[in-house]
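Topology and contacts: notes
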Amino acid sequence: MNDDQWLAERFEADRPRLEAVAFRMLGSSGEAEDAVQEAWFRLAASDSARIENLSGWLTTVVGRVCLDQLRRRKSRAEQPMPDHAPEPVALPGPADVEADPESAAVMADSVSLALLVVLETLEPAERLAFVLHDMFGVPFDDIAQIVDRNPAAARKLASRARARVRGTGMPQRQEVSKQRTVVEAFLAAARGGDFTALVSVLDPEVTLRTDAAAVGQIIRGAAQIAGGAMTFAAMATGAQLVLADGKIGVISSMPGFPTRVLVFTVEGDRIIAMEGVTDPDRVRGMALTLLDT
């Protein structure tokens, strides 16, 4: 086996992990493949004999390629928003991260639609620091070189991102807990197609507003909204609870439909308003934090 063949085999062995890194950075399998291919081109043009840690070198290159791509998106305001739930992608072994071990284990199992949506709301450097460190165990010394900051600053980037993604350091106010109980009752009733249970958690004058159409639609009344139980059933299946601009919401997706954030306004033990947000720019502008299920 000559040196070129050995290098190609080593690269192919690293490809699944590199594509997993790039997918979490970019949220697009096609762009992830392109980023990894760019890393191969750079490797082929380099003096590989001088690379001490090939896997680490490739991870750094992919990280830089993805960071540049994210920054270009932001400057053009063209960040793509996932329009369907991705298939789970296996990760390497769990990293020793500064986060709740149970939450880290959940993230190590798959990439959820909700996680991708929340990652899209992060600044590029925050997203890179969180993905590389919390999800792949890359040391902050290495991350600092990619983002052109010192390790302490890289650590702060990951910490800020972690607070958005996992809600760490965010006290769960009693008000939020009560809202969540009501919304979870709504979702359970929707999943079961239980008209009576849906009506019981809806205020008689509840409104549902959506930006799905060119002109926003408004539906009024508990009975009319509950009448769309089958639609809510599809939405509620696999929906991820989030805190959206301080209110309880869910992120969901159905085949053929764009990603939706459904935000609930709750008073007492009833839902008085719901708003379905599908416009990508509006979703990106929301303060979204995942809530544990």
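Whatever comes next refers back to the structure up there.
In what follows, the accompanying structure is described. Keep in mind that this is a model prediction, so the values were computed, not measured.

Procedures and definitions
- Residues numbered from 1 in each chain as written.
- Predicted model: local features only at pLDDT ≥ 70, side-chain atom pairs only at ≥ 80, totals over all residues.
- Heavy atoms only, no water.
- Helix = DSSP H or I, 4+ residues; strand = E, 2+ residues; numbered from the N terminus.
- Buried < 20%, exposed > 50% of the residue type's maximum accessible area, 1.4 Å probe, protein only.
- Areas by Shrake-Rupley, 256 points an atom, 1.4 Å probe, with all protein chains shown as cover.
- Pairing = 2+ DSSP bridges.
- Salt bridge = Lys/Arg side-chain N within 4 Å of Asp/Glu carboxyl O.
- Core = buried A, V, L, I, M, F, W, Y, C linked by side-chain atoms within 4.5 Å.
- Axes fitted to C-alpha atoms, helices over the stretch in contact; angles between N-to-C directions.
- Parallel < 35°, antiparallel > 145°, perpendicular 65-115°, else oblique.
- Left-handed = near helix turned anticlockwise from the far one by under 90°.
- Contact = heavy atoms within 4.5 Å.
- Nonpolar A, V, L, I, M, F, W, Y, C, P; charged D, E, K, R; others polar.

**Observations concerning the overall build of the protein**
Regarding its fold elements, the protein presents 13 helices and 7 strands. The buried share among the 293 residues of the protein stands at 46%. Accessible surface, the protein as shown: approximately 14,500 Å² in total, 50% of it carbon and sulfur.

**Details of the pairing of strand E5 (residues 260–267)**
Working note: regular strand, side chains alternate between the two faces of the sheet. Taken together, the 4 bridges between strand E4 (residues 247–252) and E5 define a ladder with antiparallel strand orientation. Each bridged residue has a counterpart across the sheet, and for Ser 252 the counterpart in E5 is Arg 260. Pairing analysis gives 7 bridges linking E5 to strand E6 (residues 270–277), with the strands arranged antiparallel. By the bridge assignment for E6, Leu 262 is matched with Gly 276. Between E5 and E6, which pair antiparallel one after the other, the connecting turn spans 2 residues, and Gly 268 there sits at a positive phi close to 65°.

**So, the pattern of salt bridges**
All chains considered together, the criterion is met by 12 salt bridges. Notably, a salt bridge pairs Glu 126 with Arg 160, separated by 3.0 Å at the nearest N-O pair. Here Arg 160 lies in helix H8 (residues 151–166) and Glu 126 lies in helix H6 (residues 124–135), a separation of 34 residues in the sequence. Looking at Glu 126, the relative accessible area reads 12%, which means it is buried. For the salt bridge of Glu 184 with Arg 180, the shortest nitrogen-to-oxygen distance reads 3.0 Å.

**Quick word on helix H5 (residues 113–120)**
Given 3.6 residues to a turn, an α-helix orients residues that are three or four positions apart in the same direction. Along H5, 8 of the 8 residues are buried, which leaves the element largely enclosed by surrounding structure. Every buried residue of H5 is listed here: Leu 113, Ala 114, Leu 115, Leu 116, Val 117, Val 118, Leu 119 and Glu 120.

**With respect to the nonpolar core**
In a soluble, globular protein the nonpolar side chains are often hidden away together inside. Core analysis: the biggest nonpolar cluster contains 60 residues, and Ile 251 and Leu 288 have the highest contact counts within it. Of all the elements, helix H1 (residues 3–26) adds the most residues to this core, at 9 residues. Formed by 29 residues, the second largest nonpolar core is a distinct cluster that contains Val 182, Leu 202, Leu 241 and Leu 262.

**Overview of the sheet that holds strand E3 (residues 240–244)**
Pairing in this open sheet of 7 strands is mixed, and the strands run E2-E1-E6-E5-E4-E3-E7 from one edge to the other. Edge strands, defined here as strands with exactly one partner in the open sheet, are strand E2 (217–220) and strand E7 (288–290). Ignoring which end each strand starts from, the neighbouring axes of this sheet average 25° apart. Of the strand pairs in this sheet, E3 and E7 are connected by 3 bridges, and their pairing is antiparallel. The residue bridging Ala 244 from the neighbouring strand is Leu 288, located in E7.

**Details of the packing of H1 against helix H2 (residues 29–44)**
Across the interface, H1 lies against H2 with an axial gap of 8 Å and an inter-helix angle of 140°. In terms of orientation, H1 and H2 fall into the oblique class. Considering only the axes of H1 and H2, their crossing is right-handed. Contact with H1, carried on its side by Leu 7, Ala 8, Phe 11, Arg 15, Leu 18, Glu 19, Ala 22, Phe 23 and Leu 26, involves Ser 29, Glu 31, Ala 32, Glu 33, Ala 35, Val 36, Gln 37, Ala 39, Trp 40 and Leu 43 of H2 and no other residues of that element. Here the contact of H1 with H2 is built from residues that sort into 13 nonpolar, 2 polar and 4 charged.

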